[in-house]
Amino acid sequence: MNQFDDLIAHAAGVQGRSILSLFDADPHRAGAFAAEYDGMLFDYSKTNIDATGRGLLLDLARKAGVAEKRDAMFSGAKINETEGRAVLHTAWRNPGAEIVVDGHDVMPALRETLARLRAFAEDVRSGRFRGQGGKITDVVNIGIGGSDLGPVMATLAMAPWHDGPRTHFVSNVDGAHIHDTLAVLNPETTLVIVASKTFTTVETMTNAEAARHWMAARVTDPTAQFAAISTATDRTEAFGIAHERVFGFEDWVGGRYSVWSPIGLSVMIAVGPERFAEFQAGGAAMDRHFRTAPFEANLPVLLALVGVWHNQILGHATRAVLPYDQRLLRLPAYLQQLEMESNGKRVSMDGADLPYNSGPVVWGEPGTNGQHAFYQLIHQGTRVVPCEFLIAAEGHEPNLAHQHILLAANCLAQSEALLRGRSLDVAREICRKKGFSGAELERQARHRVFPGNRPSTTLLYPKLTPFTLGQIVALYEHRVFVEGAILGINSFDQWGVELGKELAMALAPVLEGTADGAGKDGSTLALAARIRALRG
């Protein structure tokens, strides 16, 4: 017996029920299966969760100790047990707090670093930090994983507030990425930010060396136009970056949770410290909601419980995140890392094998682009893909308000189509009007049937602002936390990324021809030999 048995039994009993029938039975379902906070509405009524199922899910969260684990996280307890670390990314969006770790208040140092970040960002934006070409016009952030995905996502999302230098992001160790990014820039007016806590991340440091070489061809002192986000001050000094342009953060901020910290420097330079503070304030507001709202009205808890219902209870292995907001272009990719690196685990906290599935595969694309790409599978494929729609009530372009109405209409239409589907009788009538008859009518009609009864949720917010973006990111962070707490796993380590890194370092000499690859499998050796041969 496991913790999900009651829910699995309940789900089995309602397996054949249509979601639409729940609306027929309860005219007020749309309001009863939704929760609102600070202008943000989470609607989960288009799922097969009923009052009994919701009660069982809420009991599951309580029995799993979600509230106690949540309070431990915010207090600075070392809930990242495999690494012996606290989990305090939330501190960066609540700098006025007092948080004690190992008997020491960590917040004064955080506030000092935040003040330095703001001052440096303003110096770059105003031109006081001139570089060697008059004024910084472009910023290149070099990082990977959380040191890239968070800033990229947030910078795109806050585009209407960009009034600083242009921002560019390099992450891939593929030389094409750094080459193509730098090719259109002027070294004399470019600031390079190297984001690596240890200053040893192979991809990041390889790209940083390439950027320094590029800079050196045009400027006298290349590293005078470098800044670093790192705690390894000995390595940043050896690289040539002055101490006043190095900004560190503690090990209780994980990479995929770090956009609020100095990792967000490129965002702060793009939109300004005030807008970045609004982004942090949105996250802090969601923190307060998460900490104080009862579970039945708590957005992160409810979002997590819907995820558990679809994945662990119903067995749907993926979830699609579908922002109908072009400026949230990179949110699905950001959430891929946030959720899959956090909850893609196979053992519980005590090291025992999980007796159930862990986190789902997360993927997505903005609407309406996705409608012309993969929605075919979502609507008529053989697998059910729970969908999470995000939509703002209002866009930023008043002269294009009619296009935002069309965008919102598409978002609501897709969730309605997933819910309702199209019956064979309706499809037959459509085909009859097109002139089909007999066996051909039947064949054509079957191609036009939509099964429907496919679940979705909708997150509706007034407008995408820095504050709203902060709310959204923190909402999903806490959703990941709640799911991890229910699964009994550590959402804050990532040992799964280590093995490939180790093997890559051993394979580089094989590809260079300076090692024989002893102990490697035949396929890997054959591929390495073919690469060497093709390179000549």
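For clarity, every value in this text was computed on a predicted model and none was experimentally measured.

Q: Tell me what's going on with the sheet that holds strand 6 (residues 166-170), and back it up with residues and numbers.
A: Reading across from one edge, 6-5-7-8-9 is the order of the five strands in this open sheet, with parallel pairing throughout. The open sheet terminates on both sides in strands that have one partner only, identified here as strand 6 and strand 9 (246-247). The sheet contact formed by strand 5 (residues 138-142) and strand 7 (residues 190-195) spans five bridges and is parallel. Bridged to Val140 within strand 7 is Val192. Sheet strands in contact with helix 7 (residues 146-157) are strand 5, strand 6 and strand 7, and its direction is about 150 degrees off that of strand 6.

Q: Describe in detail the environment of Leu424, supporting the description with residues and values.
A: Locating Leu424 in the fold gives a position in helix 17 (residues 424-433). The class of Leu424 is partly exposed, set by a relative accessible area of 23%. Measuring from C-alpha to C-alpha, the distance between Leu424 and Ile391 comes to 31 Å, with 33 residues separating the pair along the chain. Contacts of Leu424, omitting those with residues within four sequence positions, involve Glu442, Ala445, Arg446 and Val449.

Q: Tell me about helix 14 (residues 331-343), and name the residues and values.
A: For helix 14, which comprises 13 residues, the first-to-last C-alpha distance of 17 Å matches the rise-based estimate of 18 Å (1.5 Å per residue) to within 8%. When helix 14 is considered as a whole, its buried residues turn out to be Leu331, Pro332, Ala333, Tyr334, Leu335, Gln337, Leu338, Glu339, Ser342 and Asn343. Along its buried surface, helix 14 packs onto helix 7, strand 10 (318-324), strand 11 (361-364), strand 12 (387-392) and helix 19 (466-487).

Q: Could you give an account of the side chain of Thr204, with specific residues and numbers?
A: One can find Thr204 in helix 9 (residues 202-216). Filtering out sequence-adjacent residues up to four positions away, Thr204 remains in contact with Ile142, Gly143, Ile144, Val194, Ala195 and Ser196.

Q: How would you summarise the packing of aromatic side chains if you had to cite specific residues and measurements?
A: Geometrically, a pair of aromatic rings is defined through the distance of the ring centres and the angle of the planes. Considering all chains together, one arrives at 16 aromatic pairs under this definition. Ring plane angle 70 degrees and centroid distance 5.6 Å describe the contact between Phe33 and Tyr44, whose orientation is recorded as edge-to-face. In this pair, Phe33 is assigned in the loop between helix 3 (29-32) and strand 1 (34-37) and Tyr44 in the loop between strand 2 (40-43) and helix 4 (51-63), connecting sequence segments eleven residues apart. Overall, Phe33 belongs to the buried group, its relative accessible area being 4%.

Q: Before we move on, could you go through the environment of Gln132 and cite the residues and values that matter?
A: Inspection of the secondary structure assignment puts Gln132 in the loop between helix 6 (107-126) and strand 5. Along the backbone, Gln132 and Phe467 are 335 residues apart, and their C-alpha atoms lie at a distance of 35 Å. If sequence neighbours within four positions are ignored, Gln132 has contacts with Glu188, Val219, Thr220, Asp221, Ala224 and Gln225. Within the structure, the side chain of Gln132 is placed 3.5 Å from the backbone nitrogen of Thr220, a separation counted as a polar contact.

Q: Give me the lowdown on the sheet that holds strand 13 (residues 456-461), citing residues and values where you can.
A: The strand order across the open sheet built from six strands is 1-2-13-12-10-11, with neighbouring strands paired in mixed fashion. Of all the strands in the sheet, the pair left with one neighbour each is strand 1 and strand 11. The sheet shows a mean angle of 15 degrees between the axes of neighbouring strands, taken without regard to direction.

Q: So what's going on with the pairing of strand 8 (residues 226-229)? Residues and values would help.
A: Of the two faces of strand 8, both are covered, the one formed by Phe226 and Ala228 as well as the one formed by Ala227 and Ile229. In this structure, strand 7 lies alongside strand 8, joined through four bridges in parallel fashion. The residue bridging Val194 from the neighbouring strand is Ala228, located in strand 8. Traced from strand 7 through helix 9 to strand 8, the parallel crossover comes out right-handed.

Criteria and thresholds
Residues numbered from 1 in each chain as written. Predicted model: local features only at pLDDT ≥ 70, side-chain atom pairs only at ≥ 80, totals over all residues. Heavy atoms only, no water. Pairing = 2+ DSSP bridges. Helix = DSSP H or I, 4+ residues; strand = E, 2+ residues; numbered from the N terminus. Contact = heavy atoms within 4.5 Å. Axes fitted to C-alpha atoms, helices over the stretch in contact; angles between N-to-C directions. Buried < 20%, exposed > 50% of the residue type's maximum accessible area, 1.4 Å probe, protein only. Expected span 1.5 Å × (residues − 1). Phe/Tyr/Trp six-rings, centres within 6.5 Å; stacked < 30°, edge-to-face > 60°. Polar contact = N/O pair within 3.5 Å; in protein donor to acceptor, adjacent residues only side chain to side chain. Right-handed = clockwise from strand over helix to strand, strands pointing away.

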